[in-house]
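Remarks on the overall topology
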Amino acid sequence: MTKVYKTSSAAETIALGEEIGRRLKGGDLIAYSGGLGAGKTTITRGISIGMGLGDEVTSPTFALVNEYRGDSLSLIHFDMYRINSADDLETTGFFDYMDEDTVLAVEWSENIAEELPEDALRIDIQRIDEDSREISITAPEGDDRFEDISY
Ligand code: ADP
Ligand code: MG
């Protein structure tokens, strides 16, 4: 099931992200697609806020992975832009982070397509113009958490 949302500012994308963050649970994996500057890091900031983990999200471009830890739920944010082998992926700790108290959010998930779980939540962000974005959320059959979001 795919639901499409539209935003007309970064603040609106953050607000949508907050609502998504509130609906996430441990074990979820968000697989982003959408080019440079689409808003993947921006929506992740909203998701972190919605999960109660603060607004300090920055791009994991250099570290490859940033961790935002909470008491019951953590967010692990990856940038797979430069990942192009199984060995590379291993070095990010991708497989070690997966557990029931953790949400993974993966930018450039296209680069690790074969390693993504079947039940990944797909978030595609398309840049319409400078301030407008089309944000498509695809959840597995039967998962209706993201179908009716007001933001
Ligand atoms: P990505 O992680 O996909 O490369 P970023 O989130 O780092 O993208 O950057 C998105 C940029 O686009 C930011 O500078 C942000 O302020 C700007 N922007 C403008 N309009 C929007 C919008 N509607 N949603 C998200 N970001 C937007
Ligand atoms: Mg980014």
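Below: a short report on this structure. From a predicted model like this one, the values you see are computed outputs, not experimental measurements.

Rules of the game
- Residues numbered from 1 in each chain as written.
- Chains lettered and ligands numbered in written order.
- Predicted model: local features only at pLDDT ≥ 70, side-chain atom pairs only at ≥ 80, totals over all residues.
- Heavy atoms only, no water.
- Donors = N, O, S within 2.8 Å, 3.2 Å for Na, K, Ca; no water.
- Helix = DSSP H or I, 4+ residues; strand = E, 2+ residues; numbered from the N terminus.
- Buried < 20%, exposed > 50% of the residue type's maximum accessible area, 1.4 Å probe, protein only.
- Pairing = 2+ DSSP bridges.
- Near = heavy atom within 4 Å.
- Polar contact = N/O pair within 3.5 Å; in protein donor to acceptor, adjacent residues only side chain to side chain.
- Areas by Shrake-Rupley, 256 points an atom, 1.4 Å probe, with all protein chains shown as cover.
- Nonpolar A, V, L, I, M, F, W, Y, C, P; charged D, E, K, R; others polar.
- Phe/Tyr/Trp six-rings, centres within 6.5 Å; stacked < 30°, edge-to-face > 60°.
- Lys NZ or Arg CZ within 6 Å of the ring centre and 35° of its normal.

Moving on: the coordination of the magnesium ion (ligand 2). Distances from the magnesium ion (ligand 2) to its protein donors, namely Thr 41 (OG1) and Glu 107 (OE), fall within the range 2.2 Å. In this pair, Thr 41 is assigned in helix H2 (residues 40-50) and Glu 107 in strand E5 (residues 102-107), connecting sequence segments 66 residues apart. On the basis of relative accessibility, which here comes to 4%, the residue Glu 107 falls in the buried class.

A few words now on the pairing of strand E7 (residues 133-138). Of the pairings in the sheet, the one linking strand E1 (residues 2-7) to E7 comprises 6 bridges and is antiparallel in character. The residue bridging Lys 6 from the neighbouring strand is Glu 134, located in E7. Note: strand E6 (residues 121-127) against E7, 6 bridges, orientation antiparallel. Bridging across to E7, Asp 124 finds its partner in Ser 136. Between E6 and E7, which pair antiparallel and follow one another directly, the connecting turn spans 5 residues.

What follows covers the site of ligand 1. As a structural note, the neighbourhood of ligand 1 is formed by 16 residues, with Thr 13, Gly 37, Lys 40, Thr 41 and Thr 42 the closest of them. Contact between ligand 1 and Thr 42: an oxygen atom at 2.6 Å from a side-chain N or O atom of the residue. Across the complex, the protein chains shield 74% of the 570 Å² of accessible surface that ligand 1 would expose by itself. Among the elements that line the shell around ligand 1, the one with the most residues is H2, at 3 residues. In terms of residue class, the shell around ligand 1 is made up of 3 nonpolar, 8 polar and 5 charged.

What follows is about the packing of aromatic side chains. For the structure on display, the rule yields 5 aromatic pairs. Ring geometry for Phe 78 against Phe 94: centres 5.5 Å apart, planes inclined by 70 degrees, an arrangement best described as edge-to-face. Remark: Phe 94 occurs in helix H4 (residues 94-97) and Phe 78 occurs in strand E4 (residues 74-79); sequence separation between them is 16 residues. Note on accessibility: Phe 78 and Phe 94 belong to one class, buried. Chaining the aromatic ring pairs together yields one cluster made of Phe 78, Phe 94, Phe 95 and Tyr 97. The lysine or arginine in question, Lys 40, covers the ring of Trp 108, its NZ or CZ lying 4.6 Å from the ring centre.

By themselves, these observations are geometric and do not establish any function.
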